[in-house]
Amino acid sequence: MALNYIWIAFFLIAFVIAFCKLVFFGDVDAFKLLVDGMFDSSKSSVMDIALPLAGNMVLWLGILNIGERAGAMNFLSRIVGPFLSRLFPEVPKKHPATGQMMMNFSANLLGLDNAATPLGLKAMSSLQELNPNKETASNAQIMFLVLHTSGLQLLPVTIIAQRFILHAKDPADVLIPCIIATYVATVVGMIAVAIKQKINLFDRVIVSWLGGMTAFIALLVYYFTNYLDKEQITTVSKVASNLLLFAIPTVFILGALRKKVNVFESFIDGAKSGFEVSVKIIPYLVAMLVAISVFRNSGALDYLNNGVRWAATNLNMDTRFVDAMPVAYMKPLSGSGSKAMMINVMQTYGPDSFAGRLGSVFNGSADTTFYIVALYFGSVGIKKSRYAIPAGLIADFAGVIAAILISYLFFG
């Protein structure tokens, strides 16, 4: 399993770097920094991530159960079924997983992080029911994971909010670059998996859906660019995301009432499994976040960034993008880590600097591949991820390249 070797590599690289710092540079705190990071990250894995996630899991699995009994999943399956049946040929038509995946994609699309994770874990559980080999990721699970990790979203609310907090002149000026970069990452990730799984991407239905989504995003970009000012974009992003976040349970409840479903009982039945899932994923969270912590605290990312700067300088390239690269390095590893890097870049160079804007676009261009692989596959007991991580990293790399090119186009 690729995750096994990556996890080992994080510790070995951290040890070698810390040992060299101690022996050759006399840094007596090198190993203390690693150990402190191990304990801090193991604690935060449980107290700051798993326990808050338990509350969200209980809430959204309860709401999702109301939606299922109200017929919302079947409704979504009828709409997106023809498209998803081409991308997920192993999933039977009208299977609950189709609607659950669509709910997860929709939550990601709107930047509803609190809802996206519980909905995604539920979808992964449903796909696991169809998986003939319970310890090995199925084709459908890999496609779902890569589409999820590519992080397609139209409303990067948290990024805009953070830029506002740091007094950016136009907090929403990264919105359009974020949309374009994350769309590129999603399409590239889908193509990479489709080629591996021998899915016909020239199928009439797939081409129609991709063409429709591309046209929709292009029209959205055009509308935001030509008809809204920066303050209006920020307001629309904030209002739309929160409105839709509350509209989902409201629509489910109304649908359940129409079908004479006991809404409260349905919520409780669905919510019961939320805490169990959260407890089950704690070991996977601790393992991954501790490894990421020692890798980051060893200084490996700094050495990597120095190497990129050296290469860019020798190729006579503009090196301003290098200042924001730590955000790109951290994004596949840790959402909280990449957010911290983004804030650090904006604080160091200014939120309206090229690096500050590019760091924001990096943070919105994809999702946390390693974290999501550990979380989602760990929740259903999958030990062999097959090519999920390489495909996810291909999507991440495409998002990074797109973010750099688009940022130079928009911000010079």
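Under an unreviewed UniProt entry, the protein has the name Spore maturation protein and belongs to Mucilaginibacter aquariorum.

Engineer: Requested: an account of the packing of aromatic side chains, with residues and values cited.
Structural biologist: Using the criterion set out here, one finds 12 aromatic pairs in the structure. Ring plane angle 50 degrees and centroid distance 6.3 Å describe the contact between Phe144 and Tyr376, whose orientation is recorded as tilted. Within this pair, whereas Phe144 is found in helix H6 (residues 139-149), its partner Tyr376 is found in helix H16 (residues 369-379), the two being separated by 232 residues in sequence. When sorted by exposure, Phe144 lands in the same class as Tyr376, which is buried. Seen from their ring centres, Phe354 and Tyr408 are 4.5 Å apart, and the 40 degrees between their planes marks the pair as tilted. Of the two residues, Phe354 sits in helix H15 (residues 354-364) while Tyr408 sits in helix H17 (residues 388-411), which places them 54 residues apart along the sequence. For Phe354, a relative accessible area of 9% translates into the label buried. Put simply, the rings of Phe10, Phe295 and Phe370 touch in pairs and so form one group of aromatic residues. Its end group placed over the ring of Phe354, Arg320 keeps NZ or CZ at 4.5 Å from the ring centre.

Engineer: Give a detailed account of the pattern of salt bridges, specifying residues and quantitative values.
Structural biologist: This structure, assessed with the given rule, holds 10 salt bridges. For Glu135, the salt bridge goes to Lys383, with nearest N and O atoms at 3.7 Å. Here Glu135 is found in the loop between helix H5 (113-130) and H6, whereas its partner Lys383 is found in the loop between H16 and H17, with 248 residues between them in sequence. In this structure, Asp269 engages Lys272 in a salt bridge whose closest nitrogen and oxygen atoms are separated by 4.0 Å. In this pair, Asp269 and Lys272 both sit in helix H11 (residues 263-297), three residues apart, roughly one turn of the helix. Taking relative accessible area as the criterion, Asp269 reaches 33% and is therefore assigned partly exposed. One continuous salt-bridge network, built from bridges that share partners, spans Arg163, Asp173, Asp352 and Arg357.

Analysis parameters
- Residues numbered from 1 in each chain as written.
- Predicted model: local features only at pLDDT ≥ 70, side-chain atom pairs only at ≥ 80, totals over all residues.
- Heavy atoms only, no water.
- Phe/Tyr/Trp six-rings, centres within 6.5 Å; stacked < 30°, edge-to-face > 60°.
- Helix = DSSP H or I, 4+ residues; strand = E, 2+ residues; numbered from the N terminus.
- Buried < 20%, exposed > 50% of the residue type's maximum accessible area, 1.4 Å probe, protein only.
- Lys NZ or Arg CZ within 6 Å of the ring centre and 35° of its normal.
- Salt bridge = Lys/Arg side-chain N within 4 Å of Asp/Glu carboxyl O.

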